[in-house]
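So the chains spell out like this:
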Amino acid sequence: MATSVALWDDLLQGEELAHLELVPAREAQLAPLPEALHPRVREALAAQGVEALYAHQAEAWESAARGEHFVVTTGTASGKTLAFNLPVLDALAREPKQRALYLYPTKALAQDQLRALGSFRLPKLRAAIYDGDTAAERRWQVRKWANLILSNPDMLHVGVLPHHDRWGDVLSNLAYVIVDEAHVYRGVFGSHVANVLRRLRRLARIYGAEPQFLLASATIANPGELGSRLIGVETTVIGDDAAPRAERTVALWNPPLTDEELGLRASALGEASKLLADLVSRGLRTLCFSKSRRAAELVHRFTADRLGDDSRLSPYRAGYTPAQRREIERRLLEGDLLGVSATNALELGIDVGLLDCVISVGFPGTVASLRQQWGRAGRRGHGLAVLVASEDALDQYFMREPRALLGRRVEAAILDHENPRVLDGHVLAAAFEAPLDDRDREVLGDAALERAAALPELRRTKAGYVWAGRDYPAARVALRSTGPESFTVVDGSNGTVLGIVEQERAYSTVHEGAIYLHLGESYRVRELDLVARAAVVEPFSGDYYTQAKTETRTAIVEAVKAERRLGVELSFGSVVVTDQVVGYQKRSIQTQESLELVPLDLPQTEFETEAVWFLPEAWMLEGLEREPRLLGSLHAAEHSLIALLPLWAMCDRWDIGGLSTNLHFQTGRPTIFVYDGHSGGVGIAERGFEVFAGWAEDTAKLLRGCPCERGCPSCVQSPKCGNLNEPLDKAGALTLLGRMLGAA
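Described below are features of the structure shown in this document. This structure is a prediction, so every number in the text was calculated from the model and none was measured. (Residues numbered from 1 in each chain as written. Predicted model: local features only at pLDDT ≥ 70, side-chain atom pairs only at ≥ 80, totals over all residues. Heavy atoms only, no water.)

## Quick look at the side chain of threonine 73
Structurally, threonine 73 is set in strand S4 (residues 70–73). A polar contact is formed between the side chain of threonine 73 and the backbone oxygen of alanine 218, at a distance of 3.1 Å. Those residues in contact with threonine 73 that sit more than four places away from it in its chain are Ser217, Ala218, Thr219, Ile220, Pro223, Val237, Ile238 and Gly239. (Helix = DSSP H or I, 4+ residues; strand = E, 2+ residues; numbered from the N terminus. Polar contact = N/O pair within 3.5 Å; in protein donor to acceptor, adjacent residues only side chain to side chain. Contact = heavy atoms within 4.5 Å.)

Encoded structure:
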């Protein structure tokens, strides 16, 4: 073991090393294979060398045997897949007419699972994929023949549930529904998927079945709550990870400062490629995660340049064929390949065997995600896990406060399936699938029946509420957006649809001239067509980014909760946010300086959402009362609070908005708002209300620890500020937060 450590020991030195620690190994806790397991399944496991279970797998088996719905939430490579496969394989070996439905967030993961299921060689197991790529002539065969169908929530939503008459045999025999990578179903997407799963439960019940739901998730703070919110019934949590873990060295690596005054640092990609080249040259199998395809390709290129040879290096990203991915995995497994540069999107279910080291370039957005990546280091012995920081506020906070990262519980996954902007489309879809009546309350919830009574497209009949339109309502509902009023982003060079942007965010993110990021790639918006609701973009390789200048107003509709916390009046409730994008600024990526301010003439947008807001007391603002100091202090506090909220709720800072004002027209006092950036809200602001003290404390630590004098991208400057980061007073924000924390 000592030789393994010595291989990287001399690398982890110098001013860049912000923190180093050793995480001890952990022994496996084993349990015997269940006595009741079908002999054929037992033989299949023996053929794969499985002679015992981890204790959590045995616990999952017992939970399933009791007829419970469960969520298994253990670390990377802890055998979650076997935990849910075992009850299903056993059931199908006993009664092949039963059906199981497996749902994955990506097509590639379904392909991987199909291969894994095939390796069991069970004669009565008939597994097949049913997704958008399944040929039309094969679809009826899958419905008729397969007893284990692998799909995704999108296909279930538009391809299965509206056509349930074709799926009668599957639905009436549906015994199990598997929801893998459940932590992905959060925010807007999760809120939609929760409704899709309720519609599935309702139709299965109509066909006489009550399937068990078995969920698997990365470690999150609220697995039971997430499971129950996703499927609408109580779930048993299986969270004691009994899998073994090798000893691991953890290093936090901060690129050196290149400009102390502006807080600018050397490139994280350059530092990562330096580490990757050094580790590969020592014969260590290393996986480097980056946030985008472009970043992954650049790390690969820089590393090859350093080594003068790329024969033992490979990029690994979405878009590769399964055959290409298998080839990379095989070469890595056999030790022919040593350095792989991948995108964060591939942290899910990536099968790359035994690794020595993992490098994460930039904090991936959640502690859960980082642990998912790092969990691949040291599969066969002592491992090394490194986080190379970007200049982002959260990354720099962790470099100064390593315990905040390494000792912290993972975030909570938040969703709100009753948000009317999400719920309404599913109520229409459910009424299309079968008349809605009071018996559906138990599965769909009270809110769904209340909305049914209010929706003009539904007609009340003796049988219940029925769909009065001619089209498929499910086809109108995009699972990744809170409203039908969204814009499509199209690559003008080849006609590919890159994504969907909600109307309330479209004018600030895909206005003409905007630099739009998709999977980390840069595109310039050539045209925003307000009639066709489409943004036409083209690939962009310039050295500037854009920031919209926005005039925002927030009106309080209703305070649902109000309490005194940290000496301030803290409220949570609904607000209406009115935005008008009046221009955009081009800023240099290298120096951050402003290059040009371009005026825009765009319509005003208005959306209702949820917010948390507070009113600092007069004594907390003593010495800060004069302008521009007051507004700068409030504004800087708002920015830094937004930067830190993702630590408490599993969200991105782009999912959150904010407003600070020295005199709000309703409160009559200085007020700071932080709100959900999606219509109706999905629970992020409510989570902020619940954890306000911890959130504010983390924010004060962020400001206190940042070495800059007046504020920089690592503390109070925001890449999405509608006021172009003016005015900002870092010291004033810290004074305000310090006084609030002192009043606790």
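Now that the structure is up, let's keep going.
## With respect to the sheet that holds strand S22 (residues 497–502)
What the five strands build is an open sheet, ordered S22-S21-S25-S24-S23; its pairing is mixed. With partners counted over all chains shown, the strands left at the sheet margins are S22 and strand S23 (515–518), one partner each. Averaged over neighbouring strand pairs, the angle between their axes works out to 35° when direction is ignored. Sheet topology note: the S23/strand S24 (residues 521–529) ladder contains four bridges and is antiparallel. Paired with histidine 518 across the bridge in S24 is glutamate 521. (Pairing = 2+ DSSP bridges. Axes fitted to C-alpha atoms, helices over the stretch in contact; angles between N-to-C directions.)

## What to know about the packing of helix H17 (residues 420–433) against helix H19 (residues 446–454)
Two measures define how a pair of helices packs: the angle their axes make with one another and the distance between the axes. Relative orientation of the contacting elements H17 and H19 amounts to 75°, with a least axis distance of 10 Å. The orientation of H17 relative to H19 falls into the category roughly perpendicular. The segment H17 lies against H19, with Pro420, Leu423, Asp424 and Val427 engaging Ala447, Ala448, Arg451 and Ala452. Its residues assigned to classes, the contact of H17 with H19 comprises six nonpolar, no polar and two charged. (Parallel < 35°, antiparallel > 145°, perpendicular 65-115°, else oblique. Nonpolar A, V, L, I, M, F, W, Y, C, P; charged D, E, K, R; others polar.)

## Quick notes on H19
Of the positions making up H19, those classed as buried are Ala447, Ala448, Leu449 and Ala452. Of the surrounding secondary structure, the elements contacted by the buried residues of H19 are H17, helix H18 (441–444), strand S19 (458–461) and strand S20 (464–467). (Buried < 20%, exposed > 50% of the residue type's maximum accessible area, 1.4 Å probe, protein only.)

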